[in-house]
Amino acid sequence: AALAADPGAPHDARSLLSAEETEWQLSTFLGRTEPLPADSFLDVLAERVRRHPDDLAVAHGGDRWSYRRLDERSDQVARGLRAHGVLGEEEVVGVVMDRSPEWIAAVLGILKAGGVYLPARPDFPGERTGRQFRRGECRVVLTDHLGASAEHRQVAARVEEAVAACPRRPAVVTVRELVAASGSVRPPDTPSGPGRLAYVYFTSGSTGEPKGAMIEHGSLLNHLLAKIEDLGIGPGDVVAQTAPACFDISFWQIFAPLLVGGSTRIVDADTQLDIARFLDEVEHAGVRVMQLVPSYLDVLLAHVERDPRRPPSLRAVSVTGEALKPDLARRWFAAFPGIPLVNAYGATEVADDTMHEILVEPPRQGFISVGGLLRNVYAYVLDDRLRPAPLGAPGQIAFAGICVGRGYINDEERTARAFVPDPARPGTRMYLTGDIGRWLPDGRIEFLGRRDQQVKIQGFRIETGEVENRMLGVSGVREAAVVVDASGPHEKSLVAFYLADGEVTGDDVRAGLVRSLPDYMVPTRIRRLDAMPLTANGKVDRLRLARQLTSPS
Ligand code: ADP
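Residues numbered from 1 in each chain as written. Predicted model: local features only at pLDDT ≥ 70, side-chain atom pairs only at ≥ 80, totals over all residues. Heavy atoms only, no water.

Trainee: Looking at this structure, how should I read the overall build of the protein?
Mentor: In terms of helices and strands, the protein carries 18 helices and 28 strands. In terms of C-alpha radius of gyration, the protein reaches 23 Å, essentially the compact-globule figure of 24 Å for 553 residues. Seen through its C-alpha atoms, the protein measures out along the principal axes to roughly 70 × 65 × 55 Å. Contacts spanning at least 24 positions in sequence make up 69% of the contacts within the protein whose residues lie at least 6 apart. (Helix = DSSP H or I, 4+ residues; strand = E, 2+ residues; numbered from the N terminus. Rg over C-alpha atoms; globule rule 2.2 N^0.38 Å. Contact = heavy atoms within 4.5 Å.)

Rendered as structure tokens:
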């Protein structure tokens, strides 16, 4: 595993640096340096296809696609996109598809054409998807929902609402249509280079506007290789594809195994809702590696503790997205002794995970660190003036090196706030995570929480400010505050408070939110107040609001 952290940079490089650069370099830890073997993962994948075209690449239910089939279908998509003006100039292509082998071919085809993948979800409100397409200046939208069924009509209406929100309306096409249009088109030369943009994943934004994190091919390949290395993914290994398309986790769940001759197994959302069925599928498909969010692992373990079973193929499980509590890890090792549990930490803006803690036995301490740095990744812990905090003191975690994304798409202001110059490597930038942590003496980091109102519910990243802003959009609502209720025994939930003029019920507010926010962002409880509790300096007193939750409404 790549977890040994070397402090600072190589010695000879240091002598050429200014005193300030040296101080910064001494304050950082670096995961192992490892040159990238290619410009993009597409080159590595192409080699696999050439050598083992008939191996299994993607499975979904009874559907099984070989590397060759995936390659041919994605080539057709790439050619069809060319006919729609995707010419390798980083044109953004929105995708509103269910997870399926065809979806994976679409993602691959977009990248082969030199386009940029922007995922959206069929079940998300058209208004929110529209904000993403507009912000991303989408050129084309790919969907598989243009059929006659009621569900398809509903999704088509959402897609229509989304594209109508764009000043320059993107073309809406199905993969089938692209394939039909592909015949006469010359295959594009896949433009390459590690600095080319690969994808944009949107995350919640506190102002009410989602932010689209842009990730380049070099960062992406680095991340895929780190996952392969630390999770020990090899030829023939099956990785479960469990994450929704709008989660960047879904990317490595697909492509990490494909770079080493393994396969990805798409596990549908409704199967995941029923733990017994989920474990059946894991066992039946021979899943060896999977990554879940802690809240799901909690439910899975509760099931297995009642009804012990252990899919024999499982070899490593990773959790990510939220703090891993020692108790959950202990329960893991009680139910699955000998199977490593990897705490993966990172953020969408730094190409997903940047640190891994690989546990092979139950933790003895009162916390689990987020581990050591992945290859080619640097980290800092910074004080309030964005200077290196003393070793061991709490501060904001920042990442630098190859993992750092290009910024937020078409959003210079928010990019400049979060992506700032890296003083140790002039000309490059570091990403300020907003997370608080501290260095442990061995180069690992202990995660201590957030410095803002960003929360996680079932692993989904939510800025409570985005929900509050949408509430203020409901007619009559004057003030809004959203807090997390973590008092229950199980998953946390969002609770909203509001002040309003006239007759505005909680149901009215809910109806307004459902129109513009995905399900997981709509508060479970919405309560009207006569006055907002304030702190001594006049801010909404969130602690007091959270305390009210344990009292009856
Ligand atoms: P991802 O790239 O994994 O999808 P998101 O961008 O959705 O991540 O969320 C990133 C944030 O999630 C981090 O800044 C941190 O607050 C939290 N987070 C992610 N992984 C962990 C972890 N292992 N432990 C604690 N917090 C985590």
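Okay, back to it.
Trainee: Help me out: how do you make sense of the sheet that holds strand β26 (residues 477-485) in this one?
Mentor: Note: strands within a sheet are paired through backbone hydrogen bonds, in either parallel or antiparallel orientation. Ordered in space as β26-β27-β28, the three strands form an open sheet in which the pairing is mixed. With one partner strand each, in any of the chains shown, β26 and β28 (525-528) form the two edges of the open sheet. Adjacent strand axes in the sheet meet at a mean angle of 20°, parallel and antiparallel pairs treated alike. The sheet contact formed by strand β27 (residues 493-500) and β28 spans four bridges and is parallel. Bridge pairing in β28 links Y498 to R528. Across the sheet, helix α16 (residues 464-472) touches β26 and β27, and the angle it forms with β26 is around 150°. Of the strands in this sheet, β26, β27 and β28 touch helix α17 (residues 506-516), which is tilted by about 130° from β28. (Pairing = 2+ DSSP bridges. Axes fitted to C-alpha atoms, helices over the stretch in contact; angles between N-to-C directions.)

Trainee: Just to check I follow, could you spell out the pattern of salt bridges for this structure?
Mentor: Oppositely charged side chains can pair when the atoms bearing their charge come close. Here the structure, examined in full by the defined rule, presents 42 salt bridges. Among the salt bridges present, the one from E361 reaches R364, with a minimum N-O distance of 2.7 Å. When its relative accessible area of 75% is taken as the criterion, R364 is described as exposed. In this structure, R417 engages E413 in a salt bridge whose closest nitrogen and oxygen atoms are separated by 2.8 Å. A residue pair is termed a helical-turn pair when its members lie 3 or 4 positions apart in one helix, as R417 and E413 do in helix α15 (residues 412-418) at four residues. The residues R417 and E413 share a single accessibility class, namely exposed. (Salt bridge = Lys/Arg side-chain N within 4 Å of Asp/Glu carboxyl O. Buried < 20%, exposed > 50% of the residue type's maximum accessible area, 1.4 Å probe, protein only.)

Trainee: For this particular structure, what's the right way to read the site of the ligand?
Mentor: Around the ligand lies a shell of 20 residues, among which D248, N343, T348, D435 and R461 are the nearest. In this structure, a nitrogen atom belonging to the ligand sits 3.3 Å away from a main-chain N or O atom of E322. At 2.9 Å from a nitrogen atom of the ligand is found a main-chain nitrogen or oxygen belonging to A344. Notes on the ligand: free accessible area 560 Å², of which the protein chains cover 97%. Looking at the shell around the ligand residue by residue, the class counts come to seven nonpolar, six polar and seven charged. (Near = heavy atom within 4 Å. Polar contact = N/O pair within 3.5 Å; in protein donor to acceptor, adjacent residues only side chain to side chain. Areas by Shrake-Rupley, 256 points an atom, 1.4 Å probe, with all protein chains shown as cover. Nonpolar A, V, L, I, M, F, W, Y, C, P; charged D, E, K, R; others polar.)

Trainee: Where do I start with the environment of G205 in this structure?
Mentor: By secondary structure assignment, the location of G205 is in the loop between β9 (197-203) and β10 (211-216). Judged by relative accessible area, which is 0%, G205 ranks as buried. For the pair formed by G205 and I462, sequence separation is 257 residues and the distance between their alpha carbons is 7.8 Å. With sequence-adjacent residues up to four places away left out, G205 is seen in contact with P210, K211, R414, E463 and E466.

Trainee: Can you help me understand the pairing of strand β13 (residues 287-292) in this one?
Mentor: Strand residues, when the strand is regular, have side chains that alternate between the two faces of the sheet. With respect to burial, β13 is a largely interior element, five of its six residues being buried. When strand β11 (residues 238-241) meets β13, the two strands line up parallel, connected through two bridges. Following the sheet pairing, V239 is matched in β13 by V289. As defined by bridge partners, β13 adjoins strand β14 (residues 316-320) across four bridges and the pair is classed as parallel. Bridging across to β14, M290 finds its partner in V317. You can see the chain leave β13, run along helix α13 (residues 294-306) and come back into β14, and the turn it takes is right-handed. (Right-handed = clockwise from strand over helix to strand, strands pointing away.)

Trainee: Would you take a moment to explain a negative patch on the surface for this structure?
Mentor: A cluster of acidic side chains, namely D98, E151, D268 and D270, defines a negative patch on the protein surface. Here E151 lies in helix α7 (residues 150-164). Among the residues examined, E151 registers a relative accessible area of 45% and is labelled partly exposed. (Patch = residues over 30% accessible without salt bridge, like charges linked within 9 Å, V, L, I, M, F, W, Y side chains within 5 Å. Lys, Arg positive; Asp, Glu negative; His and termini not counted. Charge placed at Lys NZ, Arg CZ, Asp CG, Glu CD.)

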